[in-house]
Amino acid sequence: MIRWIRRQLGFDPPNQCATRTIYVSNHFPRFSHFVYQKFPDNRIISSKYTIWNFIPKNLFEQFRRIANFYFLVIFLVQLMIDTPTSPYTSGLPLFFVITVTAIKQGYEDWLRHKADNEVNNTPVYVVRSGGLVQTRSQNIRVGDIVRIEKDQTFPADLVLLSTDRENGTCYVTTASLDGETNLKTHRAVPEIAKLQTVVQLDTLRAVINCHQPEPDLYRFIGRITMNGKPDDIMRPLGPENLLLRGASLKNTKEVYDLRGLEFLQQRSNISYYWSMNTFLIVFLEILVVEAIISTILKYVWWYEPLYNERTVQEKNSSRILTIISDFLAFMVLYNYIIPISLYVTVEMQKFLGSFFIMWDLDLYHEASDQRAQVNTSDLNEELGQVEYVFTDKTGTLTENEMKFRECSINGVKYKYINGSLVPEGVTGEFGDRHTFTDEEKMFLKAISICHTVHISDLEETLRHSLRHVIADLSKVQYYAASPDEKALVEAARKIGVTFAGSNDDDVLLNSFGKIERYKLLDVLEFDADRRRMSVIVETPQGDMIMFTKGADSSILPLAKSGEVALMSAHVDEFAIKGLRTLCVACKYLSEYQYQEIKSRLFAARTSLHDREEQEADVFNFIEKDLHLLGISGVEDKLQDKVPETIEALKLAGIKVWVLTGDKQETAISVSLSSGHFHRTMNILELTNQKSDIECAEQLLTLDRRIKQDHVIQHGLVVDGASLSIALREHEELFMKISKNCNAVLCCRMAPLQKAKVVRLLKTSPDKPITLAIGDGANDVSMILEANIGIGIMGKEGRQAVRNSDYAIARFRFLAKLLFVHGHFYYIRISHLVQYFFYKNVCFITPQFLYQFFCLFSQQTLYDGAYLTLYNISFTSLPILMYSLFEQDVHPRILQCKPALYKEISRNEVLSLKKFLYWTLLGFFHSFVFFFGSYLLWGETISTMGNGQLSGGWSFGFLVFTVMLLTVTLKLGIDTHYWTWINHFVTWGSIIFYFAFSLLYGAVIWPFLQSQDIYCVFIQLLSSASIWLGIIVLIVACLMPDVLRKVFWRHTRPTLAQKSQLTEANSGITCMESICCYSNGETACSPLRRILDQVMGKCNSLRVNRSWSDLDPFYTNDTSILTLSSMDGPSHASGV
């Protein structure tokens, strides 16, 4: 028990050493110095709470919020001292908010518990005591041998021991992990793969040594020693031997695996949380100031009547303690100025609002049957504040559908036409030739052997081994993790060299009708650092040869023979055409060289320490002195409407940076075709820099050119190597130049360099909101680094999608995500927050003013029930529905007018100026409520129109009624888009208030200690003069704000106000409740027209508005509309 407690507290973690030792089938050694290692069980725990810690842990997390903690302190103060209001007035709203949040979080956690139990109780078979035993997934122990059948999901991270195939291979799909639907080949250690029965496996005595679990799913370093003796067989274990939890077995009857480790599958998400704490602190300061003023004035104006005899306790009490008690009492009296339900309302708005993104059919891609995903709802409003977009090129701007177009073999350029290689300059049909040169054959064989492509599982089931060749190879379906490799293999098949399958020992080719079997000796896997891969094979003639394929920057420097200079020029030519290039090379090996390579590879692969570094050294030793065979050129066309989307982003004031790993010429070509660069732009280059001095001189030159040519637009091109030098010593100058450029293109970028560039912009003094979008695993780092990360559901797996905040199927959907959803969410949340503070100022300021008329005796103006229900019942639903459905401008107009996005940038709507306006408006309305009611009431207790005497509670009811109606109607005036839900909650809240007040005051409730307002509300509403006074006060409050809106719309209308007209038949519909204008009407319209608008007499039948040629509007395309900057004079009538 003590050990368990220590482990829960982190003092006794289960794993202490850097490596772990696993005994197969848990056959432990019997020598005395053996130390048993403790491993976690196999349970999945994704839940946050348990039944024991839910209440304390959830309460701790909720009271970390300023507003919740503040109300807890106020509630405790009410319990400890004599305060003017009941503790229930603070306790019940706090309890309501805490309970609603706890129920929401508890329900979400219950769903996670339910999912965990479903996985943990999955039945599995394990090998124990020489037989198969059925158990639950959660009971699998480290060291158990597990049997997995076809289509079954792996219940743990397993090491492959054997399969039903003689070569020990199996096929796995990892779609649930990274979204890749293609089959991946995994293989067992050859010596153990022969053990295919339960009895044979139970006799296996082996020990596995490996690293402790790591967050990287695709990194595994280990080795297995059979029989556990030093002189026995040792083999390396890597990712190809590992079967990840959640993956599924395909095209294999059954496999036996060993549970060895647990990967720490972390889903990171760097989110920019917009905070309301600043506004809360301002209102806390206002609260403290009001309490201090009230306390001071109480003792300045205080006098004690002669008939008021104090008790002994009052006479003996400390004056300081009395002042502190009075101060706390005033704090309690005014505490409702802090909106307690703000947090829970914002959470509900973000959570419910995120569904509108997922339900948006304009963000649905029919071809791939994919709709938008929302992985976090905390950033919805940040979509309306983006200033920089960092985008990948391949798969993000392009389709990632590769088409083999051209190649260069031995210095001769060829075009790929109708399945044939046609030399450049040759016209006519060239596809019937039957002879190929040795160089051409070697190039085609190289691209058919050096790859990770495999044929589909359907074709694999048609044969038991490579001895059986599929009859019709033209129907073979290829699967590959890289679209480039698949395009090359398919092109080679059409030309005449067909890849017919492979296993651990052989690669089978059909070379122009002749079957050739190549013995597979070794594979040097591709990695991002080397940017190449190699395959060592033995030809049918007995020669050993290594084929190498990779990026030109990683192959050309290693090439010592072949037409290197000529083909280097061809690389640049292909890149200018926008083609993706790969260089193919080979190297013949002698028996002695191969044996040396084999021994060095074995030593590196069996090392548990620094394995990657040792393997990299061996790979660099092998892959040198290459013979350059040729270069391939593959086309990757742009996605639909990429140029329109980038142009729209620019018109919205968003700067677009393209970060790609492609070579410079290819990247520039795609930038020009996509509209990222345009032909009239002055292209500046910071490339091929070798030293700090050279880089500094180039940066200074670029800075001078920008200052001299400040009129024209500039584009900057940077390569990865030069970027590293520039950021080393000249970071500030580089950032200055970059920000002065209209577009930036970074090529030859490594994944970490992408993240570093994003971090530089994000942490610059301006603190701009950054957005990164990509589709591949190499984009994950910049997606996590940016304020907002968006994953493209492309063909390079789902790692980018899993690590993103939002996921869309196409780049063009970014326009609507930002211009429409981002605009709406930002406007809604801004209005929600400011309205919350406004209505609470209106609520509590009359309470403060009332103290001047009761000698600061801390008498409350409102009944306790209304103090409790104001925020959680009377005014909560209208603003919540507003924040979900409000549309100040029609969505189609937002898309075709990107300049509208610029108008809300830099937090314009939620600025300090706007916040102060709402706060002062609240104070103004409060003064009108209170003093208007006071003037209506008179200085003494008066008789109302119905003959009833009025009193203090009647005065409080009058103020509360005017206030509630005013703040509700104020929200109605600000609403541009009315739905039946808005009508229901707006008028329903008012009706509920009157119904509750009538019921609450009409019955003597037995559970209430006192009921001072019995029949007060009924008597108040029975007076016609009171009704008239309520109407007058509401109009007096709202009319100045209405006139202000009318005045500013006439004199200085914003772009949004100019765009608040939308088509409706032959005329328009007015999206505002006031201020519609007909076509051609100027700001100097007659006063009668203004009064008509104020009174709601806007006749839409008289209004006609046609879109001019300069302001196109296409309703048949809701994804990207024709753009207009709206920078010049508007063709719409002033609104």
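Predicted model, so just to flag it, every value in this text is computed and none were measured.

Conventions used here
- Residues numbered from 1 in each chain as written.
- Predicted model: local features only at pLDDT ≥ 70, side-chain atom pairs only at ≥ 80, totals over all residues.
- Heavy atoms only, no water.
- Helix = DSSP H or I, 4+ residues; strand = E, 2+ residues; numbered from the N terminus.
- Areas by Shrake-Rupley, 256 points an atom, 1.4 Å probe, with all protein chains shown as cover.
- Pairing = 2+ DSSP bridges.
- Axes fitted to C-alpha atoms, helices over the stretch in contact; angles between N-to-C directions.
- Contact = heavy atoms within 4.5 Å.
- Phe/Tyr/Trp six-rings, centres within 6.5 Å; stacked < 30°, edge-to-face > 60°.
- Buried < 20%, exposed > 50% of the residue type's maximum accessible area, 1.4 Å probe, protein only.
- Lys NZ or Arg CZ within 6 Å of the ring centre and 35° of its normal.
- Parallel < 35°, antiparallel > 145°, perpendicular 65-115°, else oblique.
- Left-handed = near helix turned anticlockwise from the far one by under 90°.
- Nonpolar A, V, L, I, M, F, W, Y, C, P; charged D, E, K, R; others polar.
- Salt bridge = Lys/Arg side-chain N within 4 Å of Asp/Glu carboxyl O.
- pLDDT = per-residue confidence, 0-100.
- Core = buried A, V, L, I, M, F, W, Y, C linked by side-chain atoms within 4.5 Å.
- Arc of directions from axis to C-beta.
- Patch = residues over 30% accessible without salt bridge, like charges linked within 9 Å, V, L, I, M, F, W, Y side chains within 5 Å.

1. Describing the overall build of the protein chain
Move 1: Within the protein chain, the secondary structure is distributed over 38 helices and 37 strands.
Move 2: By element, 57% of the accessible surface of the protein chain is carried by carbon and sulfur atoms, the whole surface being about 51000 Å².

2. Some thoughts on the environment of Thr660
Move 1: Here Thr660 shows up in the loop between β29 (655-659) and α20 (664-674).
Move 2: In this structure, the C-alpha to C-alpha distance between Thr660 and Asn778, residues 118 residues apart in sequence, is 9.6 Å.

3. Some words on the sheet that holds strand β12 (residues 248-250)
Move 1: Taken in spatial order, the three strands of this open sheet run β7-β6-β12, and their pairing is antiparallel. Edge strands, defined here as strands with exactly one partner in the open sheet, are β7 (184-187) and β12. Adjacent strand axes in the sheet meet at a mean angle of 45° when their direction is disregarded.
Move 2: Across four bridges, the pairing between strand β6 (residues 169-173) and β7 is antiparallel. For Val172, the partnering residue across the bridge sits in β7 and is Lys184.

4. Comments concerning the side chain of Asp360
Move 1: Along the chain, the position of Asp360 falls in the loop between α11 (342-359) and β14 (373-374).
Move 2: Filtering out sequence-adjacent residues up to four positions away, Asp360 remains in contact with Lys816 and His821.

5. Remarks on the sheet that holds β14
Move 1: On the basis of which strands lie adjacent, the open sheet formed by nine strands has the order β14-β35-β34-β33-β15-β29-β32-β31-β30 and mixed pairing. Of all strands in the sheet, those bounded by a partner on one side alone are β14 and β30 (682-686).

6. Focus: the packing of aromatic side chains
Move 1: Per the counting criterion, the structure on display carries 49 aromatic pairs.
Move 2: Here Tyr993 and Phe994 contribute two aromatic rings whose centre-to-centre distance is 5.2 Å and whose plane-to-plane angle is 65°, an arrangement assigned as edge-to-face.
Move 3: Between the aromatic rings of Phe994 and Trp1027, the centroid separation amounts to 6.1 Å while the plane-to-plane angle is 15°, which identifies the pairing as stacked. With Phe994 in helix α34 (residues 980-1002) and Trp1027 in helix α36 (residues 1024-1051), this pair connects stretches of sequence that are 33 residues apart.
Move 4: A relative accessible area of 16% places Phe994 in the buried class.
Move 5: Here the guanidinium or amino end of Arg147 rests over the ring plane of Tyr125, the centre of that ring lying 5.2 Å away.
Move 6: A cation over an aromatic ring shows up here: Lys970 above the ring of Trp918, its NZ or CZ 5.2 Å from the ring centre.

7. Some remarks on the environment of Leu161
Move 1: Relative to the helices and strands, Leu161 resides in strand β5 (residues 157-163).
Move 2: Since its relative accessible area comes to 1%, Leu161 is described here as buried.
Move 3: Spatially, the C-alpha atoms of Leu161 and Gln196 are 8.9 Å apart, while their sequence positions differ by 35 residues.

8. Considering the packing of helix α19 (residues 642-651) against helix α27 (residues 813-850)
Move 1: Close contact between α19 and α27 brings their axes to 9 Å; oriented N to C, the two are set at 25°. On the basis of their axis angle, the class for α19 and α27 is roughly parallel. As for the relative orientation of α19 and α27, their crossing is left-handed in sense. Between α19 and α27, the contacting residues are Thr645, Ala648 and Leu649 on the first element and Leu814, Ala815, Leu818 and Phe819 on the second.
Move 2: Each residue belonging to the contact of α19 with α27 can be placed in one class, and the counts come to six nonpolar, one polar and no charged.

9. Considering the pattern of salt bridges
Move 1: Considering all chains together, one arrives at 29 salt bridges under this definition.
Move 2: Two residues, Arg405 and Glu635, come together in a salt bridge whose shortest N-O distance is 2.8 Å. Pair noted here: Arg405 is in strand β16 (residues 398-409) and Glu635 is in strand β28 (residues 626-638), with a separation of 230 residues, a long-range link.
Move 3: On the accessibility criterion, Arg405 (37% relative accessible area) is partly exposed.
Move 4: Residue Glu635 is classed as partly exposed on the basis of its relative accessible area, which comes to 30%.
Move 5: Look at the salt bridges and you will find they share partners, linking Lys970, Asp974, Asp1041, Arg1044 and Lys1045 into a network.

10. Observations concerning the confidence of the model for the protein chain
Move 1: The predicted model of the protein chain has a mean per-residue pLDDT of 77, with 80% of residues at 70 or higher.
Move 2: Note that pLDDT drops below 50 for residues 6-15; the model gives that stretch 13 contacts with residues more than four away or on any other chain.
Move 3: Of the regions scoring below 50 in pLDDT, residues 1062-1135 engages in 133 contacts with residues more than four places distant in sequence or in other chains.

11. Overview of the side chain of Ser294
Move 1: Assignment of secondary structure puts Ser294 in helix α8 (residues 277-301).
Move 2: What makes Ser294 buried here is its relative accessible area of 0%.
Move 3: Setting aside residues no more than four positions away along its own chain, Ser294 makes contact with Phe330, Tyr334, Phe848 and Phe856.

12. Brief notes about the pairing of strand β23 (residues 514-527)
Move 1: Here strand β22 (residues 506-511) pairs with β23 via six bridges, running antiparallel. Its bridge partner being in β23, Asp506 is matched across the sheet by Lys519.
Move 2: Between the end of β22 and the start of β23, which pair antiparallel, lie two residues, with Phe512 showing a positive phi angle near 55°.
Move 3: Pairing of β23 with strand β24 (residues 532-538), which is carried by six bridges, proceeds in the antiparallel orientation. Within the sheet, the bridge partner assigned to Leu520 lies in β24 and is Val537.

13. Let's talk about the nonpolar core
Move 1: By size, the foremost hydrophobic cluster in this structure holds 94 residues, and its most contacted members are Phe960, Met963 and Tyr993.
Move 2: Per element, the largest residue contribution to this core is 16 residues, and it comes from α27.
Move 3: Setting aside its immediate chain neighbours within four residues, Tyr993 contacts Tyr866, Phe874, Phe957, Phe960, Thr961, Leu964 and Phe1017.
Move 4: If you look at the next biggest cluster of nonpolar residues, it comprises 43 residues, including Val656, Leu745, Phe811 and Leu818.

14. Some details on unusual backbone geometry
Move 1: Phi at Lys641 takes a positive value of approximately 60°, unusual for a residue other than glycine.
Move 2: Note that Lys641 resides in the loop between β28 and α19.
Move 3: Of note, the phi angle at Arg748 is positive, near 55°, even though the residue is not glycine.
Move 4: Mapping Arg748 onto the fold places it in the loop between β32 (743-747) and α24 (751-762).

15. Description of helix α23 (residues 731-739)
Move 1: Among all positions of α23, only Phe734, Met735, Ile737 and Ser738 are buried. End-on, the buried residues of α23 take up no more than an arc of 160°, which puts them together on one face.

16. Focus on the pairing of strand β9 (residues 222-226)
Move 1: Taken across its five residues, β9 has four buried, putting it largely inside the fold.
Move 2: In this sheet, strand β10 (residues 234-237) lies alongside β9 in antiparallel orientation, the contact comprising four bridges. Counted as the bridge partner of Thr225 is Met234 from β10.

17. Describing the packing of helix α21 (residues 692-708) against α23
Move 1: Two elements in contact, α21 and α23, have axes separated by 10 Å at closest approach and are oriented at 30°. Here α21 is positioned roughly parallel relative to α23, judged by the angle of their axes. Note on packing geometry: the crossing formed by α21 with α23 is left-handed. Listed contacts from α23 to Leu699, Leu700, Leu702, Asp703, Ile706 and Lys707 of α21 are Leu733, Phe734, Lys736 and Ile737.
Move 2: In terms of residue class, the contact of α21 with α23 is built from seven nonpolar, no polar and three charged.

18. A word on a nonpolar patch on the surface
Move 1: A contiguous nonpolar patch, built from Val288, Ile292, Ile296, Val300, Trp301, Phe852, Phe853, Leu855, Phe927 and Phe931 and spanning about 860 Å² of accessible area, is present on the exposed surface.
Move 2: Only α8 and α32 (912-937) provide two or more residues apiece to the nonpolar patch.
Move 3: Among the elements that make up the nonpolar patch, the one with the highest residue count is α8 (five residues).
Move 4: Judged by relative accessible area, Trp301 falls into the partly exposed class, the value being 39%.

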